[in-house]
Amino acid sequence: QVQLVESGGGLVQAGGSLRLYCAASGRTSSTYGMGWFRQAPGKERELVAGISSSSNTYYAESVKGRFPISRDNAKNTVYLQMNSLKPEGTAVYSCAARQGLITTRQAAYDYWGQGTQVTVSS
């Protein structure tokens, strides 16, 4: 019903910045809560930032203050501005959506994008 496509990933040096985009199509809704997850090699996938339908935000402690999340409902797009990137930030970043508030529980999200690779060199 909903398709999510991420873009904006790439290779960046530590301390640099990237802006990730999550474009939604299909049966989209401005009431969806949106989250950015990441999965590093050998690590569990984790929620790094989320934004509710009313633009309330959530951030993992590891990225708080560095990765502001925002949304433009008119454009059906969610953004993750990644600043002061660290090598530990190397991961596949995926966008997810659910009908409800932000949660760290992956199973609660109904739709997922394919992911975009972010590689941070030291």
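Residues numbered from 1 in each chain as written. Predicted model: local features only at pLDDT ≥ 70, side-chain atom pairs only at ≥ 80, totals over all residues. Heavy atoms only, no water.

(A) Layout of the side chain of Arg 98. Along the chain, Arg 98 turns up in strand S9 (residues 91-98). We note that Arg 98 is buried and unpaired, the nearest opposite charge coming from Asp 110 at a distance of 5.7 Å. A polar contact is formed between the side chain of Arg 98 and the backbone oxygen of Ala 108, at a distance of 3.1 Å. Non-local contacts of Arg 98, meaning those with residues more than four positions away in its chain, are made with Tyr 32, Gly 33, Thr 103, Ala 108, Tyr 109 and Asp 110. (Helix = DSSP H or I, 4+ residues; strand = E, 2+ residues; numbered from the N terminus. Buried < 20%, exposed > 50% of the residue type's maximum accessible area, 1.4 Å probe, protein only. Lys, Arg positive; Asp, Glu negative; His and termini not counted. Salt bridge = Lys/Arg side-chain N within 4 Å of Asp/Glu carboxyl O. Polar contact = N/O pair within 3.5 Å; in protein donor to acceptor, adjacent residues only side chain to side chain. Contact = heavy atoms within 4.5 Å.)

(B) Seen up close, the state of the cysteines. Per the stated rule, a full pass over the model turns up one disulfide. Note that Cys 22 is cross-linked by a disulfide to Cys 95, the S-S spacing being 2.0 Å. Judged by the sign of its S-S torsion, about -80 degrees, the cystine formed by Cys 22 and Cys 95 is left-handed. Pair noted here: Cys 22 is in strand S3 (residues 18-26) and Cys 95 is in strand S9, with a separation of 73 residues, a long-range link. For the residue pair Cys 22 and Cys 95, the accessibility class agrees, reading buried in each case. (Disulfide = S-S within 2.5 Å.)

(C) Structural context of the pairing of strand S1 (residues 2-7). Judged by which residues are buried, S1 turns out to be one-sided: Val 2, Leu 4 and Glu 6 face inward and are buried, whereas Gln 3, Val 5 and Ser 7, on the alternate face, are not. Sheet topology note: the S1/S3 ladder contains six bridges and is antiparallel. By the bridge assignment, Val 5 is partnered in S3 with Ala 23. (Pairing = 2+ DSSP bridges.)

(D) Representation of empty space enclosed by the protein. Inspection of every chain in the model, using the stated rule, returns one cavity of 30 Å³ or more. Here the largest cavity is characterised by a volume of approximately 110 Å³. Around the largest cavity, the lining is made up of 14 residues, and of these Ala 24, Ser 29, Met 34, Arg 71 and Asn 76 lie nearest the centre. Among the elements of the structure, S3, strand S7 (69-72) and strand S8 (77-82) are those that each provide at least two residues to the lining of the largest cavity. Here the residues of the lining of the largest cavity sort into six nonpolar, six polar and two charged. (1 Å grid on protein atoms, 1.4 Å probe; cavity = no way out; pocket = protein on both sides within 12 Å on 5 of 7 lines; lining within 4 Å. Points joined across faces, edges and corners; volume = space filled by probe spheres on them. Nonpolar A, V, L, I, M, F, W, Y, C, P; charged D, E, K, R; others polar.)

(E) Structural view of the nonpolar core. Counting residues in each nonpolar core, the largest one holds 28 residues, and the members touching the most others are Leu 4, Met 34, Trp 36, Ile 69, Leu 80, Met 82 and Tyr 93. Going through the elements one at a time, S1, S3, strand S4 (33-39), strand S5 (46-51), S8, S9 and strand S11 (116-121) are the ones with two or more residues in this core. Per element, the largest residue contribution to this core is four residues, and it comes from S9. Residues in contact with Ile 69, not counting those within four places in the same chain, are Met 34, Trp 36, Ala 49, Gly 50, Ile 51, Thr 57, Tyr 59, Val 78, Tyr 79 and Leu 80. One finds Leu 47, Ala 96, Ala 108 and Tyr 109 within the second-largest nonpolar core, a separate group that totals five residues. (Core = buried A, V, L, I, M, F, W, Y, C linked by side-chain atoms within 4.5 Å.)

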